[in-house]
Amino acid sequence: MKVYVFIEHNGEAVRKPCLELIGGARKHLPEAEITAMCAGQEIPDRVRHLPVDNIIHIKSDALTDYTSERHSYAISEALKNSIPDIILISATFQGRDLAPRLSAKLNIPLISECTGINVDNSNINLIHPMFGGRAIASVSTTKDEPFIATIRPNAFPSVDGEGNPQIEEVKVDIPDDIQTVEVLSVEDTTGDMPDVAEAPIVVSGGRGMKGPENFKMLEELAKVLGGAVGASRSAVDEGWMPQSHQVGQTGKTISPNLYIACGISGAIQHRAGMSSSKCIVAINTDPEAEIFKIADYGIVSDLFKIVPLMIEKLS
Ligand SMILES: Cc1cc2nc3c(=O)[nH]c(=O)nc-3n(C[C@H](O)[C@H](O)[C@H](O)COP(=O)(O)OP(=O)(O)OC[C@H]3O[C@@H](n4cnc5c(N)ncnc54)[C@H](O)[C@@H]3O)c2cc1C
């Protein structure tokens, strides 16, 4: 079985969720030959030493910055004559943008937003949370039909080690007329903190935070835990946190190992973005708050008492 894993990079570093795809493929598809495919004029040195069997470097100077049209065109051109059994793409913003276009161009199905994968005698089964995590679908494909799956960050353990893969360079000519947008600049809005969609631990605040100044406290807790700060849409709409931190239906869908919800009621649109977290802790003064229905640990109390205590005890 051939599994291709799409590697996102910024020219220097590889994004962690892509290393998790390799970890997931190795763990759940141990028989597979794993190929990392990476696009760009240059690729980071780390890619050349990934612990995989092969690397495909899809090369063009038009691929320096990510754009939907160019990347989907280049990858589909590179793969069209030998489509692998499975293409794994991380469910990041970029991956969610790329995967449907690639699926259409290669004319193979896409199973999106998966959190697990397992194989039985005849099928490959993908785990796909639905309806804000209220239902879990197991989507089965036969082993002889190629497909693409997007996998949520933190679904699988990352890989650290190095390998000595075969590297194949595929040069692709990209016609100018397929491009409708031009990248003028790329700005990192996450600062020193990990991206909320990729962090293993997320401390999120809602309207119960009462004001932007109180998010400092959550930043402190996130720092102590090595995590990122998230926010409900109410907190974002109030202007307390940037939209890039929003968790939920119209924000990011995340699956951290630990999600701490502070002053968040747990509306369905918020739960849609975080209910597949592996452990949920909720701090809320209202014992009837919806968030407690999905929380593994609930603290019915004032977050302004509990969060400083957590910082003190965990520091
Ligand atoms: C189309 C659509 C899309 C949406 N997309 C999103 C989305 O992506 N993400 C999202 O989050 N929402 C989204 N929403 C909004 C969603 O419906 C809720 O309005 C929102 O999630 C509520 O945010 P909140 O929990 O912070 O605020 P509230 O619902 O006001 O809850 C605040 C909570 O804080 C608690 N609290 C207050 N003071 C304290 C204290 N001192 N200590 C502890 N607890 C305290 C209260 O008991 C309450 O439960 C969307 C809505 C629509 C219609």
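Every residue gets a number counted from 1 within its own chain, in the order that chain's sequence is written. For this predicted model, a pLDDT threshold of at least 70 governs which residues receive local features, and a threshold of 80 or more governs which side-chain atom pairs are given and counted, while totals over whole chains, interfaces and linings are taken from all residues. Hydrogen atoms and water are omitted, and side-chain values are computed over all heavy atoms in the structure.

- As recorded by UniProt, the Sequence similarities (unreviewed entry) comment attached to the protein reads in full: "Belongs to the ETF alpha-subunit/FixB family." UniProt positions are given in the numbering used here, feature names are shortened, and annotations may be inferred rather than shown by experiment.

**Points about the UniProt feature "domain: Electron transfer flavoprotein alpha/beta-subunit N-terminal" (unreviewed entry) in the protein**
- On the UniProt side, "domain: Electron transfer flavoprotein alpha/beta-subunit N-terminal" (unreviewed entry) is annotated at positions that read residues 3-182 here.
- The annotated region residues 3-182 carries 24% helix and 33% strand content, and the separation between its end C-alpha atoms amounts to 31 Å. What counts as a helix is a DSSP run of H or I of at least four residues, what counts as a strand is a run of E of at least two, and both are numbered from the N terminus.

**As for the nonpolar core**
- Nonpolar core, defined: a set of buried Ala, Val, Leu, Ile, Met, Phe, Trp, Tyr and Cys residues in which side-chain atoms within 4.5 Å join the residues together. A 1.4 Å probe rolled over the protein chains alone gives each residue an accessible area, and that area as a share of the maximum for its type sets the label: buried under 20%, exposed over 50%, partly exposed in between. By size, the foremost hydrophobic cluster in this structure holds 32 residues, and its most contacted members are I7, L50 and L88.
- Taken together, the elements giving at least two residues each to this core come down to β1 (2-7), α1 (16-28), β2 (33-39), β4 (86-90), β5 (110-114), β7 (123-130) and β9 (147-151).
- The biggest single contributor to this core is α1, with five residues.
- Contacts are assigned to residue pairs with any non-hydrogen atoms lying within 4.5 Å of each other. Beyond its immediate sequence surroundings of up to four residues, L88 is in contact with V3, Y4, V5, F6, L21, A25, A149 and I151.
- Residues V203, L221, A222 and M310 belong to the second largest nonpolar core, which totals 26 residues.

**Thoughts on the pattern of salt bridges**
- One speaks of a salt bridge when a side-chain nitrogen belonging to Lys or Arg is within 4 Å of a carboxyl oxygen belonging to Asp or Glu. A complete count under the given rule lists 15 salt bridges for this structure.
- Across the pair R15 and E8 runs a salt bridge whose closest N-O atoms are separated by 3.0 Å.
- On the basis of relative accessible area, R15 is assigned to the partly exposed category, the value being 26%.
- Its salt-bridge partner being K16, residue E20 comes within 2.7 Å of it at the nearest N-O pair. Of this pair, E20 and K16 both sit in helix α1, separated by four residues, roughly a single helical turn.
- With a relative accessible area of 3%, E20 lands in the buried category.
- Taken together, the shared-partner salt bridges in this structure form one network comprising E8, R15, D195, E198 and K252.

**Some thoughts on the domain arrangement of the protein**
- These domain limits were set by an automatic method or by a database of domain assignments. Segmenting the protein into domains produces domain 1 (2-178) and domain 2 (201-314).
- Computed from C-alpha atoms alone, the centre-to-centre distance between domain 1 and domain 2 is 31 Å.
- In this assembly, domain 1 packs against domain 2 so that about 840 Å² is buried in total across both faces, 47% of it on carbon and sulfur atoms.
- Contact with domain 2 buries area across many residues of domain 1, yet G132, R152 and N154 alone supply 48% of it, more than any other trio.
- Scanning the region where domain 1 abuts domain 2 turns up zero salt bridges.
- In protein, a polar contact means a hydrogen-donor-capable atom and an acceptor-capable atom, both N or O and within 3.5 Å, with residues adjacent in sequence counting only if both atoms are side-chain atoms; elsewhere, any N or O pair within 3.5 Å suffices. At the boundary of domain 1 and domain 2, one finds two residue pairs in polar contact (both at pLDDT 80 or more).
- Put simply, Ala, Val, Leu, Ile, Met, Phe, Trp, Tyr, Cys and Pro go in the nonpolar bin, Asp, Glu, Lys and Arg in the charged bin, and everything else, Gly too, in the polar bin. Counted by class, the side of domain 1 that touches domain 2 contains five nonpolar, four polar and four charged residues. Buried area: the accessible surface (1.4 Å probe) lost by two parts on joining, summed over both.

**Digging into the sheet that holds strand β11 (residues 201-205)**
- Here, a strand pair is defined by DSSP locating no fewer than two bridges between the strands. Strand order in the open sheet formed by five strands is β12-β11-β13-β14-β15, with parallel pairing between adjacent strands. Each having just a single partner strand, β12 (228-231) and β15 (297-300) make up the two edges of the open sheet. Across this sheet, the average inter-strand angle for adjacent strands is 15°, counted without regard to direction.
- With four bridges connecting them, strand β14 (residues 280-284) and β15 associate as parallel partners. Residue pairing in the sheet places A282 in a bridge with G298 of β15.
- What counts as an axis is a line fitted to C-alpha atoms, over the stretch in contact for a helix, and the angles between N-to-C directions run from 0 to 180 degrees. The strands touched by helix α5 (residues 215-225) are β11, β12 and β13 (258-262); relative to β11, the strand with the most contacts, the crossing angle is about 170°.
- The strands that helix α9 (residues 303-314) touches are β13, β14 and β15; relative to β14, the one it contacts most, it runs at about 135°.

**Some remarks on the sheet that holds strand β10 (residues 166-171)**
- With parallel pairing, the seven strands of this open sheet are ordered in space as β5-β9-β4-β1-β2-β3-β10. Each of the sheet's edge strands pairs with one partner strand only, and the pair in question is β5 and β10. Across the sheet, the mean angle from the axis of one strand to that of its neighbour is 20°, orientation sign disregarded.
- Bridging between β2 and strand β3 (residues 54-59) involves five bridges; their strand directions are parallel. Looking at β3, one finds that A36 is bridged to I55.
- Helix α4 (residues 93-106) contacts β1, β4, β5 and β9 of the sheet and is inclined by roughly 155° relative to β4.

**What about the environment of P153?**
- Relative to the helices and strands, P153 is located in the loop between β9 and β10.
- A relative accessible area of 1% means that P153 is categorised as buried.
- As for P153 and S265, which are separated by 112 residues in sequence, their C-alpha atoms are 24 Å apart.
- Ignoring any residue separated from it by four or fewer positions in sequence, one finds P153 in contact with P17, E20, S90, A91, T92, A197, E198 and S255.

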